Amino acid sequence: LCKGIAMMGNAVGFPLCIGVAMVSGAVIGCLREGPGDLKFLVPGLGFALCGVFTVGLLSYRKEQQLGSASYREEALEQDDSSSDGDPPGPGLYRKFAVCSIGGLLLGLSNIWVSEAIGPGCGLSPYANQTCFAVGVFLSSLVFVPLITCFPLEGGEGA
């Protein structure tokens, strides 16, 4: 999630990731526990999806504008020191995929949170957050070295 936001930028990545997480979490909760009041749920999810699609469209248009030849020529005229041979960054589809997967994983966490606080397990909110923090720490021991060796942005690892 954080990597997707960093790749897309805060203005685009955050609404995209959180919007996907919100929609997927609501749909999963609806499938697990049965729909509540659909006259509020369906329009709310529709507005959220419209927001996510709008952010995606704006990001696509921004990427087109930044990639246009006229923009490149203007940038080269303003700063000739930028021709140091840096490889291009990740493509738009890779950025969208990372944001969408991060949002889906955040939405899927709703399953385990509802199980943890449900009557079968009965964790308190504090115990739930403690288990979450331990899970983040343990998963970081695995994922941080993997992302360092195989960066999501592409290119060589460290």
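This text gives an overview of the structure that appears in the document.

Analysis parameters
Residues numbered from 1 in each chain as written. Predicted model: local features only at pLDDT ≥ 70, side-chain atom pairs only at ≥ 80, totals over all residues. Heavy atoms only, no water. Patch = residues over 30% accessible without salt bridge, like charges linked within 9 Å, V, L, I, M, F, W, Y side chains within 5 Å. Areas by Shrake-Rupley, 256 points an atom, 1.4 Å probe, with all protein chains shown as cover. Salt bridge = Lys/Arg side-chain N within 4 Å of Asp/Glu carboxyl O. Helix = DSSP H or I, 4+ residues; strand = E, 2+ residues; numbered from the N terminus. Core = buried A, V, L, I, M, F, W, Y, C linked by side-chain atoms within 4.5 Å. Buried < 20%, exposed > 50% of the residue type's maximum accessible area, 1.4 Å probe, protein only. Contact = heavy atoms within 4.5 Å.

1. Considering a nonpolar patch on the surface
Point 1. Taken together, Val134, Phe137, Leu138, Leu141, Val142, Phe143, Leu146, Ile147, Phe150 and Leu152 make up a surface patch of nonpolar side chains, about 970 Å² in accessible area.
Point 2. Its location among the elements puts Leu138 in helix 6 (residues 125-149).

2. So, the nonpolar core
Point 1. By size, the foremost hydrophobic cluster in this structure holds 11 residues: Ile5, Met8, Val12, Leu16, Cys17, Val20, Val52, Val55, Leu92, Phe96 and Cys99.
Point 2. For this core, the elements supplying multiple residues, two or more each, are helix 1 (2-8), helix 2 (10-33), helix 3 (38-67) and helix 5 (92-117).
Point 3. Sorting elements by how many residues they give to this core places helix 2 first, with four residues.
Point 4. With sequence-adjacent residues up to four places away left out, Val55 is seen in contact with Val12, Pro15 and Leu16.

3. A word on the environment of Gly29
Point 1. Residue position: Gly29 is located in helix 2.
Point 2. Sequence separation between Gly29 and Ser114 is 85 residues, and the spatial gap between their C-alpha atoms is 8.7 Å.
Point 3. The contacts of Gly29, once residues within four sequence positions are left out, are Gly34 and Asn110.

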